[in-house]
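Spelled out from the first residue to the last, the chains are:
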Amino acid sequence: MANDVYLQVAVDVPLRETFTYCCERPLPTGTRVAVPFGPRRACGIVTGPSAPGGLDPARIRPVLEIFDELPPLPVSFLEMVAFAAAYYHHPYGQTLFTALPTALRQPGNVRLPDRRHWWLTPAGRETPPPAAHRARRAVWQALADEACTLAALRPLAPQASAILKAWLAEGRVASGEPAALSFREGPVLALNGEQQTVLQALAGALAQGFSAWLLHGITGSGKTEVYLQLMARVLAAGQQVLVLIPEINLTPQLIERFAARFPDTPLVTLHSGLSDGERLAGWVDGWQGRAGIVIGTRLAVFTPLPRLGLIVVDEEHDTSFKQQEGLRYHARDLAVWRAHQAAVPVVLGSATPSLESLANVEAGRYRRLRLTQRAHGAARLPEVQLIDMRRKKRTEGLAEESVEALRTAQRAGQMSLVFINRRGYAPVLACTDCGWTSGCPHCSSKLVIHLPERRLRCHHCGWDAPVPGSCPDCGNVDIRPLGEGTQRLEAALTAMLPEARLLRIDRDTTRRKDDWDQLYQRIQAEEVDVLVGTQMLAKGHDFGSLGLVVVLNADSGLYSADFRATERLFALLNQVAGRAGRADTPGRVLIQTQWPDHPLYQALCRHDFDGYARTLAEERQAARFPPYCSQALLRADAPDLKDAMAFLDRLREALEPLAEGIEIVGPAPALMTRLAGRERAQLSFESCSRQRLQHFLSEAVPQVEAAARRASRSLRWSLDVDPQET
DNA sequence: AGCACGCCGACT
DNA sequence: GTCGGCGTGCTC
């Protein structure tokens, strides 16, 4: 056997290195193969040619099988994988395999859907089958109209495949790749002056290489219409568009809008809800250039697109763009890298841009465009009012004013929304009288209650204190965790509004696939007076006109242990408020709070995003938190917290000498012990220089790996670069 | 991560 | 006497 060529092959294992195999012939980089790996057969991707080097040639085993149903993966794809692996300090093989659809991760052949188009030859066109042969006639008729895929013909005649085979042999039909992307644009909406200015700026950037744009447009300002008209130009030029959206926004209504606008452009959606086969088909359609539009959640950022002309990231501030396990990538950041690689513009759109993106604007890396008016001339911003809960009579957490407003709205025939904030719930202690909260004496974090031990702990620096019996500021004994008392809210609402038709929307009531459709129909049919729900209701779905929005438990996000909580709360409340009064009536938003003077609420009432963003930015700058420093978290978990802490303690000591220009904070117990039976802790690395932090991490990771090998097998660790949740 | 090898407790 | 617990070590 002449196994005379050596290859480097990446395998899906948590090891930093690639492996050397031999093969009878050279294989191009990006070829998918099956290789023997220890006692098993694994899927591998060829990453390049290789020499045996110091390796004993006897240990080098031959490639078992070469999969050639698809061409080798493009170099640009492998480059992005290499970047992501390096930046997030994740093993190359595992990074590569997370970027691939599941079907391509297995060491076996894949079956691709038949996308060939069939059409009649001149001979075939002249010989229509007799009308009595209904199946053949139907197929012929369809082909006489236009070229079709087999999938399109099957509904007309189940035996379409056999018919085509016979006709092919007789020279009556031919098949091949579909014609190049045709382009047709459905009815466009008129743009207002602002939208036109924005579109012109963006259109001017097309075909001009890389540029990054932050499109900051208030809710209802018509960002989507701008995307669509910009996309039209890209698609008309025969290029592809990648659109990334948050998980929750991937609704049939949104896809329908894109599909209706570009009726002849093949559109592919990619998200985690697809079957392996569907996901593979969409991915390959993008890669082979058949799809003009690829629209999907964070995982879609990896789709190879040979004629990429534009990337759009909608709701760029949304946290679902950050993957929270395994390769902890941020799809928005990879999208910007990718736009740079492909030399195309990237548009990041949001009503409430992330502080990260605003800082990038400040630094001159992104350019900002604004939409400050609602697209429909008459639509006004909602009126936001605060209900001071400090001296209010309340029932089950509801102020009498809120109940009264709900009654009034119902009588006026308007639909209301009661929004319960459960996001970022971490029990921070607060005084119900003076507004004192449990701040950490050593850093700018909040102390969190750990009930089993009755302790207050700082999850940032690790400070630990007993729970006080009364307020340290005013002596009031009524101190309790923020956010308590919303559990029985639905029952209370039913009792207080007996004549209103309530509809609760949350994970439980929308568990099954068609649940949401049914609820949605009830809303459309105006069979609902009061919607009650959480996060799910804040974004995405359009309920038509909401007359009133009541927000409960917003305060729990105000004084949170996570320094990003206020940024998220502000974005969330903005979004909820944007649900009110979208049509021609201005809506009303009521927020129940113990801190009516808090700058966040004050800014919300004034609709002053810029002012509050500036305040937050100054706070972050003063505390040297991201985006004014680069951060990475080393997380560890074990059945027992002290094992995780001891592991991080040892590492802190070992890494200190390498940490020039790096601040190491902690270790500290993590905010929430997520998985039952496992406890988590974390060590934070912070630096004013991203490069320096990267360099440090490159040196630190091998040490972490070594320490983990020495530690108990039950200890697990992960590194989170640019963490979103701290 | 898998998977095998290896060395100590309660079962036919 | 053996089945099986999971500690430890390797994968070209």
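Residues numbered from 1 in each chain as written. Chains lettered and ligands numbered in written order. Predicted model: local features only at pLDDT ≥ 70, side-chain atom pairs only at ≥ 80, totals over all residues. Heavy atoms only, no water.

Moving on: the UniProt feature "domain: Helicase ATP-binding" (unreviewed entry) in chain A. UniProt records the feature "domain: Helicase ATP-binding" (unreviewed entry) for residues 204-371 in the present numbering. As annotated, residues 204-371 has a helix share of 35% and a strand share of 23%, and its two end C-alpha atoms lie 18 Å apart. (UniProt positions renumbered as here; feature names shortened; annotations may be inferred. Helix = DSSP H or I, 4+ residues; strand = E, 2+ residues; numbered from the N terminus.)

With that settled, the discussion passes to the nonpolar core. Grouped together as the largest cluster of nonpolar side chains are 125 residues, with contacts concentrated most on Phe77, Leu531, Phe647, Phe685 and Phe696. Element by element, the count of residues in this core is highest for helix 20 (residues 690-710), at eight residues. Residues Val226, Leu228, Met231 and Leu310 belong to the second largest nonpolar core, which totals 32 residues. (Core = buried A, V, L, I, M, F, W, Y, C linked by side-chain atoms within 4.5 Å. Buried < 20%, exposed > 50% of the residue type's maximum accessible area, 1.4 Å probe, protein only.)

Every residue lining DNA strand B is accounted for by Val13, Pro14, Pro39, Arg40 and Arg713. Close to the protein, within 4 Å, the atoms of DNA strand B are drawn from sugar and phosphate at a rate of 47%. For DNA strand B, a base oxygen lies 3.3 Å from a polar atom in the side chain of Arg713. The residue makeup of the surface near DNA strand B, split by class, is three nonpolar, no polar and two charged. (Near = heavy atom within 4 Å. Polar contact = N/O pair within 3.5 Å; in protein donor to acceptor, adjacent residues only side chain to side chain. Nonpolar A, V, L, I, M, F, W, Y, C, P; charged D, E, K, R; others polar.)

Here the focus is empty space enclosed by the protein. Under the criterion given, the structure shown has six cavities of 30 Å³ or more. In this structure, the second largest cavity encloses a volume near 60 Å³. Around the second largest cavity, the lining residues are Thr352, Pro353, Leu355, Glu567, Phe570, Ala571, Phe609, Tyr612, Ala613 and Leu616. With four residues, helix 18 (residues 609-623) is the single largest residue contributor to the lining of the second largest cavity. For the lining of the second largest cavity, the class distribution of residues is eight nonpolar, one polar and one charged. (1 Å grid on protein atoms, 1.4 Å probe; cavity = no way out; pocket = protein on both sides within 12 Å on 5 of 7 lines; lining within 4 Å. Points joined across faces, edges and corners; volume = space filled by probe spheres on them.)

Another point: the protein's contact with DNA strand C. Every residue close to DNA strand C is listed here: Leu15, Phe19, Thr20, Tyr21, Pro36, Phe37, Gly38, Leu55, Arg59, Ile60, Arg61 and Arg713. Of what DNA strand C places within 4 Å of the protein, 43% of the atoms are sugar or phosphate. The contact in question runs from a phosphate oxygen of DNA strand C to an N or O atom on the side chain of Arg61, over 2.6 Å. Secondary-structure elements contributing two or more residues to the surface near DNA strand C are strand 2 (19-23) and strand 3 (32-37). Sorting elements by how many residues they give to the surface near DNA strand C places strand 2 first, with three residues. By residue class, the composition of the surface near DNA strand C is seven nonpolar, two polar and three charged.

Attention now moves to the pattern of salt bridges. Across all of its chains, the model carries 30 salt bridges by this definition. A salt bridge links Arg257 to Glu225; its shortest N-O distance comes to 3.2 Å. With a gap of 32 residues between them, Arg257 in helix 9 (residues 252-261) and Glu225 in helix 8 (residues 223-236) connect regions that are remote in the sequence. The salt bridge partner of Arg606 is Asp608, with a shortest N-O separation of 3.4 Å. Residue class for Arg606 comes out exposed when judged on its relative accessible area of 53%. Judged by its relative accessible area of 23%, Asp608 is partly exposed. Among the charged side chains, a network of salt bridges with common partners joins Lys322, Arg328, Arg635 and Asp720. (Salt bridge = Lys/Arg side-chain N within 4 Å of Asp/Glu carboxyl O.)

Under the feature "binding site: Zn(2+) 2" (unreviewed entry), the UniProt entry names Cys440, Cys443, Cys458 and Cys461. Along the chain, Cys440 turns up in the loop between strand 20 (429-431) and strand 21 (447-450).

Taken together, five strands build an open sheet; the order of strands is 2-1-4-3-5 and the sheet is antiparallel. Whereas interior strands pair on both sides, the edge strands pair on one side only; in this sheet they are strand 2 and strand 5 (65-67). Sheet twist, expressed as the average angle between the axes of neighbouring strands with direction ignored, equals 50 degrees. Note: strand 3 against strand 4 (residues 40-49), six bridges, orientation antiparallel. Looking at the pairing, Ala34 lines up with Cys43 of strand 4. Contacting strand 1 (5-11) and strand 4, helix 2 (residues 92-99) runs over the sheet at an angle of about 70 degrees to strand 1. (Pairing = 2+ DSSP bridges. Axes fitted to C-alpha atoms, helices over the stretch in contact; angles between N-to-C directions. Contact = heavy atoms within 4.5 Å.)

Right, let's talk about the domain arrangement of chain A for a bit. Here chain A is partitioned into domain 1 (5-75 + 91-105), domain 2 (117-176), domain 3 (193-371), domain 4 (383-426 + 483-618) and domain 5 (630-721). Centre-to-centre separation of domain 1 and domain 5, based on C-alpha positions: 31 Å. (Domains from an automatic or database assignment.)

With that settled, the discussion passes to the packing of aromatic side chains. Centre-to-centre distance and the angle between the planes together describe a pair of aromatic rings. Counting across every chain of the model gives twelve aromatic pairs. When the centroid spacing of 6.0 Å and the interplanar angle of 35 degrees are considered together, the rings of Phe183 and Phe262 count as tilted. Taken together, the residues Phe183 in the loop between strand 8 (173-176) and helix 7 (193-205) and Phe262 in the loop between helix 9 and strand 11 (267-270) connect sequence positions 79 residues apart. A residue is classified by how much of its surface remains accessible, and Phe262, at 1% relative accessible area, is buried. The rings of Phe83, Tyr87, Tyr88 and Trp337 are connected pair by pair, giving a single aromatic cluster. (Phe/Tyr/Trp six-rings, centres within 6.5 Å; stacked < 30°, edge-to-face > 60°.)

Turning next to the packing of helix 7 against helix 8. Contact pair helix 7 / helix 8: the axes reach a minimum separation of 10 Å and the direction vectors enclose 35 degrees. The element helix 7 and its partner helix 8 pack so that their crossing is right-handed. On the side of helix 7, the interface is formed by Gln195, Val198, Leu199, Leu202 and Ala203, while helix 8 contributes Glu225, Val226, Gln229, Leu230 and Arg233. Across the contact of helix 7 with helix 8, the residue classes tally to six nonpolar, two polar and two charged. (Left-handed = near helix turned anticlockwise from the far one by under 90°.)

Our focus in this paragraph is helix 15 (residues 515-524). Along helix 15, the residues classified as buried are Asp515, Trp516, Leu519, Tyr520 and Ile523. The arc that holds every buried residue of helix 15, seen down its axis, measures 125 degrees, which confines them to one face. Structural note: helix 15 exposes Gln518 and Gln521 on the side pointing more than 90 degrees away from its buried face. Elements that come into contact with the buried residues of helix 15 comprise helix 9, strand 19 (415-420), strand 25 (502-505) and strand 26 (530-533). (Arc of directions from axis to C-beta.)

A few words on the pairing of strand 29 (residues 630-638). For strand 29, the buried fraction is high: nine of the nine residues fall into the buried class. Residue alternation in strand 29 divides its side chains into two sets, Ser630, Ala632, Leu634, Ala636 and Ala638 and Gln631, Leu633, Arg635 and Asp637, and both sets are buried. Bridge count between strand 29 and strand 31 (residues 679-687): nine bridges; the pairing is antiparallel. Paired with Ala632 across the strands is Phe685, a residue of strand 31.

Moving on, we get to unusual backbone geometry. With an omega dihedral of 5 degrees, the bond running from Pro626 to Pro627 counts as a cis peptide bond. In the Ramachandran plot, His89 falls in the positive-phi region, its phi being about 50 degrees despite a non-glycine side chain. Among the secondary structure elements, His89 is positioned in the loop between helix 1 (75-87) and helix 2. A relative accessible area of 9% places His89 in the buried class. Of note, the phi angle at His607 is positive, near 55 degrees, even though the residue is not glycine. Within the element layout of this structure, His607 appears in the loop between helix 17 (599-606) and helix 18. The class for His607 is partly exposed, based on a relative accessible area of 34%.

For the rest of this paragraph, the subject is the environment of Ala670. Mapped onto the secondary structure, Ala670 falls in the loop between strand 30 (663-669) and strand 31. Each residue touching Ala670, except ones within four places of it in the same chain, is listed here: His459, Arg680, Ala681 and Gln682.

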